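What follows is the residue order along each chain.
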Amino acid sequence: MDDKPHAHDLFVFLASTAHDMKNSISVVSGTLERLLADAAPGAPLHDSAAYPQMAQMLYQTRRLNDNLMQLLALYKEVGTPAYPLDIALADVAQLGAQVAASNRILLEAREIAFDIDAAPGLCWHLDEDLVIGVVNHAINNATRYTRDRIRLSMMAVDGMLEICVEDNGDGFPPALLAAGAVAGRARAVDFGANSAGLGLFFATEVAKMHTHRGAAGTVRLENGGPLNGGRFILRLP
Amino acid sequence: MITREQAVASTLKDVSWADKNYLIVDDFVGVRQLLRESLRNLGARNIDQASSGGEAMNLLGRIRYDVVLCDYNLGEGKNGQQVLEEARQRNLLNPSSVWMMVSAEKSTESVMGAAEHQPDAYLIKPITEGVLLTRLNRVWHKKQLFRPIDQAYGEKDYLRAARLCDEEIARGLENERANVHRIDLLRMKARLMEKSGQPVKAREAYDEVLAEREYQWARAGLAKIRMANGELEQARQLFQGVIAENRYYIDAYDQLALAYQQMGQLDEACSVLERAARLSPNSVPRQRHFGQVCLKLGNVGMAEKAFRKCIAIGEYSYVKTADAYLGLARVCGMKNDPKEALLLLGHVQREFPTDDVRLRAKITEGMVYHETGDYRRARKAGDELEEMLTVSPQRPDTATCLEMATLLFAVGVKDAPVELLCYVIRNNHDSLLLQDEVQQIFDKARMSEEGALYIRASKKEAADMMNQGVLLWKTGKLDEAIAWMRNARAALPNNLRILFNAAQILITAMQQNGYQIMLADEAIEVLLHVDRLQPGQQRFAQLMEQLALLAPDGSLSPPAEPAGANE
């Protein structure tokens, strides 16, 4: 798209607007995190009325951020060679630590237990920023549907890296499971039908960008598993 | 569940983030406050802030920061990358300093390939305190691991650095736990082998990476080796393959253009550079390259655009170049506007007040007059050049010498160009390619036969001088050999073979009679000069290694210039 001068100008404009919006979101979510830490149970300024409401605000801010990030990436044509894919070798446990670090305050505020199960020493070739973005979004979604527990597991299964975000809620509704089943197929996601469409579409695009020796990544939604709730599964070659 | 205090405490155990000096650079006050709060929660006390690139440069000039958090997009003026480049080039950062580039979204700069100065990490907003701490720790540990390698690299002991890479890779394999830095270590090793003039070993390292995963930088690395080996068509195909895989991998465009140039296909080179300049316009070297190719093609309009862009970027960048002004002056000459050309030439000499630029501006002036048919003023410029050459014994680089000789002949000066061409031959007495080029310049000046004699005599002069030094060395007269080579170097300051032999003799003397700091420094000076003239020589790497082994602590100091794993 940026081969045409006009499209390039538009893109520069979009990028600088996004830059501004990101700054605002940074300040809002950073401030909320700090307020939450101060108002947490046991803290001197504990505020039992405001605490859950602030947690809800943080959740919504993160959704806003994820959606903005995904829209931007789609403008850059995710999944085509135009998107700046940046593959590098990453330590899977470190990746998990970073996901935990960016979600800790929100999970604490919502009293959700978070477990990480990462194969020690496992390294994988992936675009860390993209994968963390997808996993964070899945976790943010799960905070809304889980009862009180979310589990992130990352291990090698049949030569693929399997990253699984699961919760102990009621599981995905059938419509979403169906969307998850077709997410792998071209652009079949119906954006109008459900709000989860964009996130799922983005996750699928990210998965597909990861290719190795003819194999490409996939995304799957299912119910069940050890926590008997919803499971979001990202598999990368 | 882990609380914030516990999380901070457990990581603080390995790295003490509290005592470090921090600099936050962001044009948005809200983000600066946020980051400052986060750093304070990590225990940091010394936190400075800057709201623009200029302000950041002022602070960086006064204080050595351990950690810099710098936004990429800083509004008017320098951007984050330009701040980083200037800070590294002016040596304002310690090798251990951590530079984190912050941006609103995934930046293309992170995958461009050859950006000479890469930050230690890219962080995407919003940045939470937890993420900041995890990334700081990760970068810190990686820097620790690479520190000995970076040090050897900085001392230009490339072979030792490569050995350290091998050791680190082997250690990773022993531990059974896969080493997350293995790919980076192999990349570093490949680059070290290229710098040591050992392309076969560099290729092995790239192949090892590619056996595991398709990385564009490794593919491009293989292509560069092919190109250096003269396999231009294969190199071209490889570079095009890399671009097809990832059109943001800009380094491949620059290299592809070079391949086309060497194949004599200037039109193709030009269109590749045009695409690259559109994808990534803010690079001084790329716009310069683009402008120069356009100039060769006679495409005045595009050359003008490229050189003007080059000058505009240079306004905020530390990497500016006199070439853009000189090129633009040539463009003005071609457009029959000598007045504008002269203004530019005056400007470039104020901007870059060196003898070299003064000389090159004068050459350009002569060319502009010659081109616009003002033969009287062209001749006057030629006479002034001749005068400058008699005043100073210093001579510019080979390309400038040849350009100057061509011009001087064209405007009717005789002695000075002959002297220049003899100088070029004496300093490159074993390069057949250059001899052909010089002969052609003589041919054009209708001096074919005389020229051939000059070339032969200059070659002999250089060869005799070298052989005498080698003879003294081989017959064990080391002191005399050293003295002889010092004179030879003064007479022929850019002759690679003489320089290498001079260093070799100094090293032999120390191997026989023990380490002497004066001789060691002299040898280093000679070798660094060689590396500037022609990087990537195997003999350079070998002599640097021998020198380091002689030094009492096994390493050369002080480091010649800053360099690092992330350069």
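Conventions adopted
- Residues numbered from 1 in each chain as written.
- Chains lettered and ligands numbered in written order.
- Predicted model: local features only at pLDDT ≥ 70, side-chain atom pairs only at ≥ 80, totals over all residues.
- Heavy atoms only, no water.
- Helix = DSSP H or I, 4+ residues; strand = E, 2+ residues; numbered from the N terminus.
- Areas by Shrake-Rupley, 256 points an atom, 1.4 Å probe, with all protein chains shown as cover.
- Buried < 20%, exposed > 50% of the residue type's maximum accessible area, 1.4 Å probe, protein only.
- Contact = heavy atoms within 4.5 Å.
- pLDDT = per-residue confidence, 0-100.
- Core = buried A, V, L, I, M, F, W, Y, C linked by side-chain atoms within 4.5 Å.
- Disulfide = S-S within 2.5 Å.
- 1 Å grid on protein atoms, 1.4 Å probe; cavity = no way out; pocket = protein on both sides within 12 Å on 5 of 7 lines; lining within 4 Å.
- Points joined across faces, edges and corners; volume = space filled by probe spheres on them.
- Phe/Tyr/Trp six-rings, centres within 6.5 Å; stacked < 30°, edge-to-face > 60°.
- Pairing = 2+ DSSP bridges.
- Axes fitted to C-alpha atoms, helices over the stretch in contact; angles between N-to-C directions.
- Buried area = accessible area lost by both parts, 1.4 Å probe.
- Salt bridge = Lys/Arg side-chain N within 4 Å of Asp/Glu carboxyl O.
- Polar contact = N/O pair within 3.5 Å; in protein donor to acceptor, adjacent residues only side chain to side chain.
- Nonpolar A, V, L, I, M, F, W, Y, C, P; charged D, E, K, R; others polar.

Caption draft 1: Here's a closer look at the overall build of chain B. Of regular secondary structure, chain B possesses 26 helices and 5 strands. Approximately 25700 Å² of chain B is accessible, and the part contributed by carbon and sulfur atoms is 49%.

Caption draft 2: Spotlight on the overall build of chain A. Looking only at helices and strands, chain A features 6 helices and 9 strands. For chain A, with 237 residues in total, the buried portion stands at 55%. Within chain A, contacts between residues separated by at least 24 positions form 68% of all contacts whose residues are at least 6 apart in sequence. Surface summary for chain A: the accessible area is close to 10200 Å², and the carbon and sulfur share equals 58%.

Caption draft 3: Spotlight on the confidence of the model for chain A. Residue-level pLDDT values for chain A average 83, and 84% of them are 70 or greater. Counted against residues more than four places away or in other chains, residues 184-193 of chain A, with its pLDDT under 50, gives 13 contacts.

Caption draft 4: Molecular detail of the nonpolar core. Grouped together as the largest cluster of nonpolar side chains are 112 residues, with contacts concentrated most on Leu192, Trp217, Phe239, Val348, Leu527 and Leu547 of chain B. If you look at the next biggest cluster of nonpolar residues, it comprises 41 residues, including Ala73, Val92, Leu152 and Leu200 of chain A.

Caption draft 5: Representation of the state of the cysteines in the model. One pass over the full model with this rule turns up 0 disulfides over all chains. You can see cysteine 165 of chain B has no disulfide; the closest cysteine sulfur is in cysteine 123 of chain A, sitting 17 Å from it. You can call cysteine 165 of chain B buried: its relative accessible area is 0%. Sulfur of cysteine 401 of chain B: no disulfide; nearest cysteine sulfur belongs to cysteine 422 of chain B and is 12 Å away.

Caption draft 6: Up close: empty space enclosed by the protein. Following the criterion strictly, the structure yields 5 cavities of 30 Å³ or more and no others. Each pocket or cavity is described by its volume, and for the largest cavity that value is around 560 Å³. Every residue lining the largest cavity is counted, 32 residues in all, and those nearest its centre are Met69 and Asn136 of chain A together with Ile124, Lys125 and Pro126 of chain B.

Caption draft 7: Region of the structure containing the side chain of glutamine 198 of chain B. Residues and elements named next belong to chain B. Mapped onto the elements of the fold, glutamine 198 is located in the loop between α7 (182-195) and α8 (199-212). According to the relative accessible area criterion, glutamine 198 is buried, its value standing at 14%. What glutamine 198 contacts, discounting residues up to four positions off in sequence, is Leu159, Met193 and Gln538.

Caption draft 8: Spotlight on unusual backbone geometry. Residues and elements named next belong to chain B. The omega torsion across lysine 125 and proline 126 is 0°, close enough to zero to call that bond cis. You can see proline 126 is positioned in the loop between β5 (121-124) and α5 (129-154). Despite not being glycine, asparagine 91 shows a phi value in the positive range, around 65°. Following the sequence through the fold, asparagine 91 ends up in the loop between α4 (80-89) and β4 (98-103). Located in the positive-phi region is lysine 156, a residue other than glycine, with phi close to 60°.

Caption draft 9: Examining the packing of aromatic side chains more closely. All names here are of chain B. Inspection of every chain in the model, using the stated rule, returns 8 aromatic pairs over all chains. Plain terms: the ring middles of tyrosine 153 and tyrosine 158 are 5.7 Å apart, the flat faces sit at 70° to each other, and that makes the pair edge-to-face. Of the residues examined, tyrosine 158 reaches a relative accessible area of 2% and is grouped as buried. Considering the side-chain rings of phenylalanine 442 and tyrosine 454, the 6.0 Å spacing of their centres and the 20° angle between planes classify their relative orientation as stacked. With a gap of 12 residues between them, phenylalanine 442 in helix α21 (residues 432-444) and tyrosine 454 in helix α22 (residues 448-474) connect regions that are remote in the sequence. Exposure remark for phenylalanine 442: the relative accessible area of 1% places this residue in the buried category. Given the relative accessible area of 32%, tyrosine 454 is considered partly exposed. Among the aromatic residues, those joined into a ring-pair cluster are Tyr153, Tyr158 and Phe540.

Caption draft 10: A look at the pairing of strand β3 (residues 123-126) of chain A. Residue and element names in this part refer to chain A. Residues of β3 alternate between two faces, with Cys123 and His125 on one and Trp124 and Leu126 on the opposite face, all of them buried. Alignment of strand β1 (residues 88-91) against β3, held across 4 bridges, turns out to be antiparallel. The residue bridging leucine 89 from the neighbouring strand is histidine 125, located in β3.

Caption draft 11: Expanded view of the sheet that holds β5 of chain B. All names here are of chain B. In space, the 5 strands of this open sheet follow the order β2-β1-β3-β4-β5, with parallel pairing throughout. Looking at which strands have only one partner, the edges of the open sheet turn out to be β2 (46-50) and β5. Here the average twist between neighbouring strands, direction ignored, is 20°. Where β4 and β5 come together, 4 bridges link them in parallel fashion. Across the sheet, residue methionine 100 finds its bridge partner in β5, namely alanine 121. Contacting β3 (67-71) and β4, α4 runs over the sheet at an angle of about 165° to β4.

Caption draft 12: Here's a closer look at the interface of chain B and chain A. Opposite the 47 residues of chain B that make contact, chain A presents 53 residues. Together, the buried faces of chain B and chain A total about 4400 Å²; carbon and sulfur atoms form 51% of this surface. Linking chain B with chain A are 2 salt bridges. Note that arginine 138 of chain B is salt-bridged to glutamate 128 of chain A, the shortest N-O span being 2.7 Å. Viewed at the interface, chain A and chain B are joined by 9 residue pairs in polar contact (both at pLDDT 80 or more). Contributions of two or more residues to the side of chain B that touches chain A are made by α2 (29-41), α5, α8, α10 (232-245) and α12 (266-279) of chain B. In the side of chain B that touches chain A, the residues fall into 18 nonpolar, 13 polar and 16 charged.

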